[in-house]
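Next come the chains, spelled out residue by residue.
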Amino acid sequence: MATTELKPDPPAAAAGERNARAASAPKHRGTAHGAPFSLRYLPLWDKIALAALTVTAAVLSLWNLDGAPSYQDDEGTYTSQAFAVHSGTLAPYTYWYDHPPLGWIQIAALNWLPNLLGLGDGTTIGATRYVISVYFVASAVLLYIVGRRLTMRIPFAALTTVLFILSPLSLVLGRQIYLDNIGVPWLLLAFYLALSSRNALWHHVGAGICFAIAVLSKETLSIFGPALLLALMYRPKWSNRSFSVVGFLTAGGLLLAFYPLSALLRNELLSGPDHVSLQDALAYQLLNRSGSGTIFEAGSSRAELLSGWLYFDKYLIAAGLAAAVVCLLRRQSRILFIAIASFATPIVLGQGYLPAMYIIGVIPFLALACGSAVDIAWSGVERLARRTPGLTRPLRTGFVAALSASLLLMSLPQWFEQDRTLLTAQTNSNWRSAMTWVQDNVSRSEVVLAPYSMWHDLNSSGWNNAWTMIATEKPDLDKQFDIERPGGWREIRWIIVGPSVMANIDSLGLTRVKTALQNSEQVQTFGEWTVHRVINPPSN
Amino acid sequence: MSATLLASALVLIIAVALFAIAVSTLYLNTYAWWDPKTQVRTSYSGLQSREGHSFSLIMPCRNEREEVMRATLAALLAQTHSRKEIIISVGHDDTETVEIAHRLAREFPAFVRVSVDVSERKNKPRQLNKALSLCRNSVVGVFDAESIAAEELLAHIDSVFTTKNADVVQGAVQLINYKDTWYSLRNCLEYFTWFRSRLHAHSRQGFIPLGGNTVFIKRELLTAVGGWDGSCLAEDCDLGVRLSTLRRKIVVAYSPQLVTREETPDSLSGLIRQRTRWSLGFMQVFAKGDWKALPSRRMRTIAWWTLMQQHFMALAGICIPIAIAAAIWGKFPLVVTLVTFLPLIPTLVTVAFDVCMLHEFGRDHKFAISWYDYFRLIAGTPLYQMVLAFAALRALFKFVRRDFAWEKTDHSGSHLAYLLPGAAEPARH
């Protein structure tokens, strides 16, 4: 027996060794420009870029956070539900599976701190916005490192994050208490882990867990599932791939199963006569909720929604969509095309209900697509320059000049104006005046209808009863009202009307509120906010 | 009110403990697949051109059938390594096996000798110690009577001793008769994860309960520590613990071509007896307390966890459903009930990975794993878990009663049917 270096290793182990060798060599599969990006070995320029982007994101997110944009009802809903979690329930009213609760459970885990510190001008909704800004900064940072994992060069990865931070669309929505903002960093973390170039099994299992958390925070983010699975699998085959995919799917799937499981344990999984159920909620959200029409139908709410998004940032949306096509040119970037395409499909083809914050999920991917496309173009310029050495400098200069010019054209006219408004305007002063007036002039024993945006702040200022201080929708939508207020709408004394109330009465069919409002007189006006007193008290 | 709170707290603590056990099991089972580098680290090093060691191979036998012994011996004689001797170790009261052993020794006088243990209470470690006194070569290896070694195994083990400067090398054993019974499939896979992954994780943590088969120890070292503990039911594990505390270098090596092939116990009661013996042995080793001599608190914690985890794991399988049922029927708050479901996540992920491992097992050993086999694997999991839990409880019962009699596993030779021509041969490269 005198053989030298006879290897009995199985093909799997041999392949593993090749990988191990490849990892130490400068050129590793999965990356085009040197070693795989890893937070453990962060080059100096990455550190500088990350620090600068974190500070910028934090400043832009926090500046005038409570001044603009104006508080929305949904923000108030999630604020009040987060406070309900503090006292051991999922919502101040009957929780009807409108969304999985993990989003506001996360808010609840954090929002005691800004409240304790007295941030948010003394309002709970304002203080809770500080929690969202933590998630916004996290998204900005994660966007950079995902960009780096997608093999982008440092300046272009930084550009990606800058687009995300400065886009008025992103900045407006990213300041508000929406569940999408909670889910997005988890989604980005899932992509970061799925793209882990070390082929480490645990990262891939972690990606499944993060994705499940993202979906349990906001269910619409599940639309990015196929792109994420592709990010995990779309690489040269490696020995542990089946383990990675199985681990990703089972860990994520099992965690997601806790949502229906919790419904089952409360006996609310399937529809029944006397209780809310997950089945009813899903049927409502997917089938029965009044649809938004098709996108091609002028004046449909889908078309209006789209033009609303375009109003805030038509440049990022248009550039991102075009860039998504360019992304097809590079293997690592193709998942961005898939992500954006799968996001766009229900907008273009669907007719069902489309929520306004749906766009939040895709903004990071639009930014990533732009960054990737620029990076791909730069690679093209470099190739061209290598072929014609004399032209290197003019080519590079031309590219940078064109890029800067297009960025300026994009940002100056629209972005600058809108961002400035966001950072300086005081859009919540009427909201505040209306709320203060009610606090000062209405007895704590009288029944008041208030929009969700100020409901929690009002209720916690002395009413402390969800059926005396009532959120506008609840008399019509929560069956508990019949038990708590057997007198019906006649028990209502005051109605606070904000910009969204009339639209909600129509779209949600709030007949009791409508009747009460018809029998009321306007007592006070603060801009678009009015306070009404019901003038037809009960006959007893 | 306070009683409910107390009960909730208790349920939560149990659920968190079960979760920790399940995560630890998942960690150990999948360790080898974490990343490709782990796979490289856990395989054999390349062959050296010169032989550096000589081997004395002990083959402990008791109530064995001749064809089983003959097959085991043939595989040892066929080793490509040139410097080896084989000592068939038997007990004097087992006359039939003694006769077979002598017959075999006469057939191969140059390689084979017989050691007859005359001690009154019979068990494996005493037979091994008697055989050790006859060993003449530099490394002592143990091969159970029903195991088929790969031809080039000794040559590779020799290289590991040389290149890694090891004191002990643990090779891998694989049960292969996965089609025979409902439990044999799970049993085979258990061996696969143990030698493919778990042992390597233990090795990295510096605390290894050695196996009793295909284990190689330098003779001088083995004699110096007094051989095997003649009163311990898990003499192999005990030796590993003692050598770990002495900080001796123990190397674990795996390659599917070099595993030693073995069969599962031939009946369910045989499996339970074997498991009880192992569990009881682990309890003995734990009670002996040699592990307390480990240098650091961290090492001691790892040792404690490694020795206890076997029992925890066996019991967790039945405790998880009980905890869930208790939480549901006990009308606990929803959060508490949901937490009792948490241990199911790592448990079911482990089962999902088992499916991948069964695929790899089939690929490595050239078995055609069918859909029915995958189904059997999943469907058999709860039952198998109950068997393990029963054996662990039985061991605990015996431990309390101080009943340490050796319950031997019978061998029918069913693994020989799986060794079709070529199947046992290491693949040539």
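Here the structure is a predicted model, which means the values were calculated and not measured.

Engineer: Tell me about the overall build of chain A, and name the residues and values.
Structural biologist: Counting secondary structure elements, chain A contains 23 helices and five strands. In terms of overall dimensions, chain A is globule-like: its C-alpha atoms have a radius of gyration of 26 Å, near the 24 Å expected for 540 residues. The principal-axis extent of the C-alpha atoms belonging to chain A is close to 105 × 60 × 50 Å. Looking at chain A alone, contacts between residues at least 24 apart form 71% of all its contacts between residues at least 6 apart.

Engineer: Explain the overall build of chain B residue by residue, including any values.
Structural biologist: When you go through chain B residue by residue, the secondary structure sums to 14 helices and nine strands. The C-alpha radius of gyration of chain B comes to 22 Å, within 12% of the 22 Å expected for a compact globule of 429 residues. Along the three orthogonal principal directions, the C-alpha set of chain B runs to about 80 × 45 × 40 Å. Of all 429 residues assigned to chain B, the portion counted as buried reaches 51%. Restricting to contacts in chain B with at least 6 residues of sequence separation, those with at least 24 account for 83%.

Engineer: So what's going on with the packing of helix α12 (residues 258-265) of chain A against helix α12 (residues 334-341) of chain B? Residues and values would help.
Structural biologist: Here α12(A) crosses α12(B) at 135 degrees, and the two axes come no closer than 11 Å. In terms of axis orientation, α12(A) runs oblique to α12(B). Between α12(A) and α12(B) the crossing geometry is right-handed. Between α12(A), through F258(A), L261(A), S262(A) and L265(A), and α12(B), the contact on the second element is made entirely by L334(B), T337(B), L338(B) and F341(B).

Engineer: Break down the confidence of the model for chain B for me, citing the residues and quoting the values.
Structural biologist: Residue and element names in this part refer to chain B. Summary statistics for chain B give a mean pLDDT of 88 and a share of 97% for residues scoring 70 or more. Confidence drops under a pLDDT of 50 for residues 421-429, and excluding neighbours within four residues, the segment shows 16 contacts in the predicted structure. As scored by the predictor, the complex reaches a pTM of 0.89 and an ipTM of 0.87.

Engineer: Outline the sheet that holds strand β8 (residues 250-252) of chain B, listing residues and values.
Structural biologist: All names here are of chain B. The mixed open sheet is built from seven strands, whose spatial order is β3-β2-β1-β4-β7-β5-β8. Every other strand in the sheet has two partners, leaving β3 (112-117) and β8 as the edge strands with one partner each. Pairwise comparison of adjacent strand axes, ignoring direction, gives a mean angle of 20 degrees for this sheet. As defined by bridge partners, strand β2 (residues 84-91) adjoins β3 across six bridges and the pair is classed as parallel. Within the sheet, the bridge partner assigned to V90 lies in β3 and is V116. On top of the sheet, helix α6 (residues 153-163) reaches β1 (55-60), β2, β4 (139-142), β5 (168-170), β7 (215-218) and β8; it is set at about 135 degrees to β5, its chief contact.

Engineer: Outline the nonpolar core, listing residues and values.
Structural biologist: One recurring pattern in soluble globular proteins: nonpolar side chains tend to sit buried together. Ranked by internal contacts, the top residues of the largest apolar core, which has 268 residues, are A190(A), L228(A) and A369(A). Summarising the domain contributions, this core has at least three residues from each of domain 1 (44-424) and domain 2 (429-534) of chain A.

Engineer: Describe the sheet that holds strand β2 (residues 469-471) of chain A, and please don't skip the residues or the numbers.
Structural biologist: Residues and elements named next belong to chain A. The strand order across the open sheet formed by five strands is β2-β1-β3-β5-β4, and the pairing between neighbours is mixed. A strand with exactly one partner marks an edge of an open sheet, and here the two such strands are β2 and β4 (520-526). On average, adjacent strands in this sheet sit at an angle of 25 degrees to one another, irrespective of strand direction. As defined by bridge partners, strand β3 (residues 494-497) adjoins strand β5 (residues 529-534) across four bridges and the pair is classed as antiparallel. Counterpart to W494 in the pairing with β5 is R533.

Engineer: Outline the domain arrangement of chain A, listing residues and values.
Structural biologist: Residue and element names in this part refer to chain A. As far as domains go, chain A holds domain 1 (44-424) and domain 2 (429-534). When each unit is reduced to the centre of its C-alpha atoms, the spacing between domain 1 and domain 2 is 34 Å. Tallying the contact residues gives 17 residues for domain 1 and 16 residues for domain 2. If you tally residues by element for the side of domain 1 that touches domain 2, the top one is helix α3 (residues 73-86), at seven residues. Considering only residue class, the side of domain 1 that touches domain 2 consists of five nonpolar, 10 polar and two charged.

Rules and cut-offs
- Residues numbered from 1 in each chain as written.
- Chains lettered and ligands numbered in written order.
- Predicted model: local features only at pLDDT ≥ 70, side-chain atom pairs only at ≥ 80, totals over all residues.
- Helix = DSSP H or I, 4+ residues; strand = E, 2+ residues; numbered from the N terminus.
- Rg over C-alpha atoms; globule rule 2.2 N^0.38 Å.
- Contact = placed C-beta atoms within 7 Å.
- Buried ≥ 20, exposed ≤ 12 C-beta atoms within 10 Å, placed from the backbone.
- Axes fitted to C-alpha atoms, helices over the stretch in contact; angles between N-to-C directions.
- Parallel < 35°, antiparallel > 145°, perpendicular 65-115°, else oblique.
- Left-handed = near helix turned anticlockwise from the far one by under 90°.
- pLDDT = per-residue confidence, 0-100.
- Pairing = 2+ DSSP bridges.
- Core = buried A, V, L, I, M, F, W, Y, C linked by C-beta atoms within 7 Å.
- Domains from an automatic or database assignment.
- Nonpolar A, V, L, I, M, F, W, Y, C, P; charged D, E, K, R; others polar.

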